[in-house]
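# Per-entry structural report
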Amino acid sequence: MIALVGLLAGCGTGAAATPRPAATLRLGYFADLTHASAVIGIASGSYARDLGPTRLDPQVFEAGPTEMTALLGGHLDAAYVGPSSALNAYARSHGEALRVVAGATIGGAELVVRKGIVTPSQLKGRTLATPQLGNTQDVALRYWLGQQGFATDPSGGGEVAVVPEGNATTLQQFRAGRIDGAWVPEPWASRLVDEGGGHVLVDERSLWPGGRFASTELVVATSFLSAHPQTVQALINAQLDTEDRIAADPAAAQRTAGSALRSLTGITLAPAELARAWSELTVTDDPVAGSLPAVLRHAEAVGLPQRTTADAIYDLTLLDRALATRGRPAVAG
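Report follows, based on the coordinates. (Residues numbered from 1 in each chain as written. Predicted model: local features only at pLDDT ≥ 70, side-chain atom pairs only at ≥ 80, totals over all residues. Heavy atoms only, no water.)

### As for helix H1 (residues 36–44)
Of all the nine residues making up H1, seven are buried; the element is thus mostly covered by neighbouring parts of the structure. Those residues of H1 that fall on the buried side of the exposure criterion are Ala36, Ser37, Ala38, Val39, Ile40, Gly41 and Ile42. One or two residues past the end of H1 sits Gly45, with phi positive at roughly 85°. (Buried < 20%, exposed > 50% of the residue type's maximum accessible area, 1.4 Å probe, protein only. Helix = DSSP H or I, 4+ residues; strand = E, 2+ residues; numbered from the N terminus.)

Rendered as structure tokens:
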């Protein structure tokens, strides 16, 4: 386990008072399939039920940097977010503000480009989009472009212009021919393929050993984790319960996810679109902690986050406890 921080020695040792459940849990997440556990669990009511006396206050965000600003500002207690955004927030707070307490999704991000672009060399002089400057897909694209020999800059200059914008805007711009592609999470990659006529140039899974990289993790504010470990335990249990239901009936989970996304966004995904997007990711509690050094190198290579050591970003104590009660092994750290 990566240098677990002793925030919870025995679930609260060292606290000035006996920890008690929080009155409210403010939980951030995205209306994306890469946040499937939260999307399905919140829509079905299972998160609220598992939290018991704690009122769930779910808040939807479009991208990680904005969400992490909310957490750093004290407006969120926990959030589902990509690892690059979590690392940046961790660095900005000098390692104090948050801990990763579980994984959520592996995979589910692709670089989709328009027809006629079949090799990386053809991207020179082109314009590509990402969800937000400094978010996980933005870092992935900029790092990959650097590996191909292309320079980028945060203002959209360089040999390949990278333009951060909302995913819905990206789809509109792609269909209108104003951008040449985008590195986006699901279901937006599938929508660019099915509705925009694009094709996949890079499936991010192909860039990682065994195709395993964390696209979404569950982070909790350290102050909340210390004050309300029971509530964080209940949140993790809610996620695991949702994962079990997804595994038991994937078809039903897809339908629930599609219905929930329609309620959140007003957009109805075609069955084939939803099925394609679902097949591109894996719902899991494993945070793929072993990939952290590479994630950190990629972020630093493109100027994010501030240089830091992130050995203490994980606290998987409560996750391992929840897994043990289910007769499952601890996650690798």
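Once you've had a look at it, read on.
### Re the packing of H1 against helix H10 (residues 250–265)
For any two helices packed against each other, one specifies the crossing angle of their axes together with the interaxial distance. Running from N to C, H1 and H10 point in directions that differ by 80°, and their axes come no closer than 9 Å. The angle between H1 and H10 falls in the class roughly perpendicular. Here H1 contributes Val39, Ile40 and Ala43 to the contact with H10, which in turn contributes Ala253, Thr256, Ala257, Ala260 and Leu261. (Axes fitted to C-alpha atoms, helices over the stretch in contact; angles between N-to-C directions. Parallel < 35°, antiparallel > 145°, perpendicular 65-115°, else oblique. Contact = heavy atoms within 4.5 Å.)

### Looking at the environment of Gly290
Examined against the element boundaries, Gly290 turns out to sit in the loop between strand E11 (281–283) and helix H12 (292–301). Spatially, the C-alpha atom of Gly290 lies 10.0 Å from that of Arg212, the residues being 78 residues apart in sequence.

### Examining the side chain of Arg99
Position of Arg99 among the secondary structure elements: in strand E4 (residues 98–107). One buried charged side chain, Arg99, makes no salt bridge at all; its nearest oppositely charged neighbour is Glu96, positioned 5.3 Å away. Here the side chain of Arg99 touches Gly95 through a polar contact of 2.9 Å, landing on its backbone oxygen. For Arg99, the side chain forms a polar contact with the main-chain oxygen of Ala312, separated by 3.2 Å. (Lys, Arg positive; Asp, Glu negative; His and termini not counted. Salt bridge = Lys/Arg side-chain N within 4 Å of Asp/Glu carboxyl O. Polar contact = N/O pair within 3.5 Å; in protein donor to acceptor, adjacent residues only side chain to side chain.)

### Observations concerning unusual backbone geometry
Cis geometry marks the peptide bond from Glu186 to Pro187; its omega dihedral reads 15°. Along the chain, Pro187 falls in the loop between strand E8 (181–185) and helix H7 (188–194). Positive phi is not limited to glycine here, since His94 has a value of about 55°. By the element assignment, His94 lies in the loop between helix H4 (83–92) and E4.

### Some words on the sheet that holds strand E3 (residues 78–81)
Read from one edge of the open sheet, six strands run E2-E1-E3-E10-E4-E11, paired in mixed fashion. Each having just a single partner strand, strand E2 (55–61) and E11 make up the two edges of the open sheet. Each strand axis lies, on average, 25° off the axis of its neighbour in the sheet, ignoring direction. Relative to E2, strand E1 (residues 24–30) runs parallel, the two sharing seven bridges. (Pairing = 2+ DSSP bridges.)

### Observations regarding the pattern of salt bridges
Scanning the entire structure with this criterion turns up 14 salt bridges. The salt bridge partner of Asp203 is Arg205, with a shortest N-O separation of 2.7 Å. The class of Arg205 is partly exposed, set by a relative accessible area of 26%. Residues Arg212 and Asp286 are paired through a salt bridge, measuring 2.6 Å at the closest nitrogen-oxygen approach. Taken together, the positions of Arg212 in the loop between strand E9 (199–203) and strand E10 (214–221) and Asp286 in the loop between E11 and H12 put the pair 74 residues apart, joining distant regions of the chain. Given the relative accessible area of 17%, Asp286 is considered buried. Via salt bridges that share partners, Glu110, Glu186 and Arg276 belong to a single interconnected network.

### Observations concerning the packing of aromatic side chains
What describes a pair of aromatic rings is the distance from one ring centre to the other and the angle between the planes of the rings. Going through the model one piece at a time under the given rule, you end up with two aromatic pairs. Summarising the aromatic geometry, the rings of Trp144 and Trp183 are spaced 6.1 Å apart at their centres and angled 55° between planes, so their arrangement reads as tilted. Within this pair, whereas Trp144 is found in helix H5 (residues 136–147), its partner Trp183 is found in strand E8, the two being separated by 39 residues in sequence. Judged by relative accessible area, Trp183 falls into the buried class, the value being 0%. Taking the centre distance of 6.0 Å and the plane angle of 20° together, the rings of Trp208 and Phe213 count as stacked. The side chain of Arg114 reaches across the aromatic face of Phe174, ending 4.9 Å from its centre. (Phe/Tyr/Trp six-rings, centres within 6.5 Å; stacked < 30°, edge-to-face > 60°. Lys NZ or Arg CZ within 6 Å of the ring centre and 35° of its normal.)

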